[in-house]
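Observations on chain architecture
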Amino acid sequence: MLPYIIGAVLGVVIGCVVGIVIGWNRRKSTAEREIGSAEEEATRIVNEAYKSAESKKREALLEAKEEILQSRNEYEREEKERRADLQKQERRLQQKEETLDRKTDNIEKKEEALTEKLAKLETAQAEVEQVKRSQLEMLERISGYTAEEAKNYLISQIEADVTHETAMKIKEIETRFKEESETRAREIISLAIQRCAADHVAEATVSVVPLPNDEMKGRIIGREGRNIRTLETMTGVDLIIDDTPEAITVSCFDPVRREIARLALEKLILDGRIHPARIEEMVEKAKREVDATIKAEGERAIFETNVHGLHPELVKLLGRQRYRTSYGQNVLNHSIEVSHVAGLLAAEIGANVAEAKRAGLLHDLGKSIDHEVEGSHVQIGVELARKYRESEQIVHAIQAHHNDVEPKTIVACLVQAADAISAARPGARRENLENYIKRLEQLEEITSSFNGVEKSYAIQAGREVRIMIKPEVVSEDEMIILARDIAKKIEEEMEYPGQIKVNLIRETKAIEYAK
């Protein structure tokens, strides 16, 4: 039994091995066939690729040859066109050369003709000079004058005639313009003044702080003067404590600092606690109050005058004018008044009202900081207006309102007139006795500096200067010119409110005694 089992097992094993060998041979033959077919396919694809590449190469060569041929044709065409243009230009240049040659020939001929004419003219001029000399010698023999003496005689005669004619013409023109303009000017100015209501109040230039009693003076001075030194250092003012009962005077060139010191002093007196720390605190509070007041006053000014669009810094500078005075007149109120008057004058003559009011409001802008910056208030105002981008018309009106430059616009003339009206009205301005005397002395000194002036007298509080003329030095015709020269010099060298009348008097006396 066992041998049969073993034989069966061996048979099964042998069968499996034979089956495996047969299957492997079949797969090998299948793979070989597939590899052969793949190699044939690859060979076919490569051959087709070679054929396609060859055909594309031939097509590319053909296209390249066609493009080269086309480019050559275009190049030949362009070359022909350029050659044609060059030939045209050559022909034009040749024609121009021929024209220039002809013109050169003509110019040479003209030069030759001119040379001949010049030679003839020089000959003729020499002959004329010779004739002139002979005629002058003959005239000198006949007249008994040399050429220089005759020239001086003629010049003196012409000067006398021209002086007379000039004086008469000036007088005639002035008379005509006065007749035509005086009535109209009075009407316009009177209407403008009537429509502008302004206070006739003069303001003080120093601040006086009242005290509850004289004992407060000692407390303000403090131990060894520490309180008064602190206050003066913080505010930059001078405190004048004298025998005046129950009062202290605050003095300073800067009106803003003076106002800050006044407010701080009043707060200290009201509080009663006066020591350096308290002084510093009150000065800071006073500064804030004054800054707020400055801004409010500037806004009030632009609201009253209806001038809008001002730079915020210009509004503050206008507010600073609240604490500035000129001849006792408050500068802010003066600027507001000038703005109103300039606007009314502009409305009467049909000029730009808004521009006139704006220029009038800003005309004294420089006075707000003229204690801090070098230069006249006109120069400072011009720089400020340009800095904050005001128009050139406004800048020119500011620059011309004291005739620093010649006014070139109607607005500049209106601002000049409005400034004079505001300054010259009764009660608008005042000045102390010392300045008043100095102004009168300067007026008399200027008028006495002219040749032919015998004496001069400032009368009517400096509104008129009466000048006595030497009749043997100044003729009647020359008086008109002399009056204009004196008035011009007064305008250039003096600063004064309103206007000054220059009155020249020439009197000839003949005295003889009968014996």
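Going by the structure above, here's the rest.
Residues numbered from 1 in each chain as written. Predicted model: local features only at pLDDT ≥ 70, side-chain atom pairs only at ≥ 80, totals over all residues. Heavy atoms only, no water.

Next up on the list: the overall build of the protein chain. Check the secondary structure of the protein chain and you find 14 helices and eight strands. Reported as C-alpha extents along the three principal axes, the dimensions of the protein chain are approximately 205 × 110 × 50 Å. Counting only residues that meet the buried cut, the protein chain has 28% of its 515 residues in that class. For the protein chain, restricting intrachain contacts to residue pairs at least 6 apart in sequence, the fraction spanning at least 24 positions comes to 62%. Taken as a whole, the protein chain presents about 35000 Å² of accessible surface, with 53% of it coming from carbon and sulfur. Put simply, the protein chain has 79 plus and 96 minus side-chain charges, and the middle of one group is 6 Å from the middle of the other. (Helix = DSSP H or I, 4+ residues; strand = E, 2+ residues; numbered from the N terminus. Buried < 20%, exposed > 50% of the residue type's maximum accessible area, 1.4 Å probe, protein only. Contact = heavy atoms within 4.5 Å. Areas by Shrake-Rupley, 256 points an atom, 1.4 Å probe, with all protein chains shown as cover. Lys, Arg positive; Asp, Glu negative; His and termini not counted. Charge placed at Lys NZ, Arg CZ, Asp CG, Glu CD.)

This next bit is on the sheet that holds strand 1 (residues 207-210). The strand order across the open sheet built from three strands is 1-3-2, with neighbouring strands paired in antiparallel fashion. Here the strands that pair on one side only, and so sit at the sheet edges, are strand 1 and strand 2 (238-240). Ignoring strand direction, the axes of neighbouring strands in this sheet form an average angle of 30°. Each of strand 1, strand 2 and strand 3 (247-251) touches helix 5 (residues 255-271); the most contacted strand, strand 1, lies at about 0° to it. (Pairing = 2+ DSSP bridges. Axes fitted to C-alpha atoms, helices over the stretch in contact; angles between N-to-C directions.)

Within a sheet, each strand pairs with its neighbour through backbone hydrogen bonds, oriented either parallel or antiparallel. Pairing is mixed across the open sheet formed by three strands, whose spatial order is 6-7-8. A strand with exactly one partner marks an edge of an open sheet, and here the two such strands are strand 6 (453-459) and strand 8 (501-506). Adjacent strand axes in the sheet meet at a mean angle of 20°, parallel and antiparallel pairs treated alike. One ladder, built from six bridges, connects strand 7 (residues 464-469) with strand 8; its direction is parallel. Paired with Glu464 across the strands is Lys501, a residue of strand 8. The sheet contacts of helix 14 (residues 476-493) involve strand 7 and strand 8, and relative to strand 8 the element is tilted by about 150°.

Let us look at the environment of Ser449. Of note, Ser449 is situated in the loop between helix 13 (433-448) and strand 6. Here Ser449 falls in the partly exposed class, since its relative accessible area comes to 44%.

Looking now at the pattern of salt bridges. Within the structure shown, the criterion is met by 19 salt bridges. The salt bridge partner of Arg44 is Glu41, with a shortest N-O separation of 1.9 Å. A residue pair is termed a helical-turn pair when its members lie 3 or 4 positions apart in one helix, as Arg44 and Glu41 do in helix 1 (residues 2-143) at three residues. Take Arg44: its relative accessible area is 38%, and that puts it in the partly exposed class. The shortest N-O distance in the salt bridge between Asp271 and Arg278 comes to 3.1 Å. On the basis of relative accessible area, Arg278 is assigned to the buried category, the value being 11%. Because the salt bridges share partners, they merge into one network encompassing Asp271, Arg273, Arg278, Glu281 and Lys285. (Salt bridge = Lys/Arg side-chain N within 4 Å of Asp/Glu carboxyl O.)

Since the α-helix turns once every 3.6 residues, residues separated by three or four places project in the same direction. Along helix 7 (residues 312-320), the residues classified as buried are Leu314, Val315, Leu317, Leu318, Gly319 and Arg320. Structurally, helix 7 contributes buried residues whose contacts are with helix 5, helix 6 (276-305), helix 8 (331-349), helix 9 (353-362) and helix 10 (377-387).

Attention now goes to the side chain of Asn227. Relative to the helices and strands, Asn227 is located in helix 4 (residues 226-235). Judged by its relative accessible area of 3%, Asn227 is buried. A polar contact is formed between the side chain of Asn227 and the backbone oxygen of Ile274, at a distance of 3.4 Å. Look past the residues within four positions of Asn227 in its chain and what remains in contact with it is Arg219, Ile220, Ile221, Gly222, Ile274, His275, Pro276 and Ile279. (Polar contact = N/O pair within 3.5 Å; in protein donor to acceptor, adjacent residues only side chain to side chain.)

Quick look at the packing of aromatic side chains now. The full count for this structure, using the stated rule, is zero aromatic pairs. For the cation-ring pair, Lys489 lies above Phe450, with the distance from its terminal atom to the ring centre recorded as 5.3 Å. (Phe/Tyr/Trp six-rings, centres within 6.5 Å; stacked < 30°, edge-to-face > 60°. Lys NZ or Arg CZ within 6 Å of the ring centre and 35° of its normal.)

Moving on, we get to helix 5. Between its terminal C-alpha atoms helix 5 stretches 24 Å, which fits the 24 Å expected from 17 residues at 1.5 Å a residue. Those residues of helix 5 that sit buried are Pro255, Val256, Arg258, Glu259, Ile260, Ala261, Leu263, Ala264, Leu265, Leu268 and Ile269. The positive-phi residue at the C-terminal boundary of helix 5 is Gly272, with phi of around 90°. (Expected span 1.5 Å × (residues − 1).)

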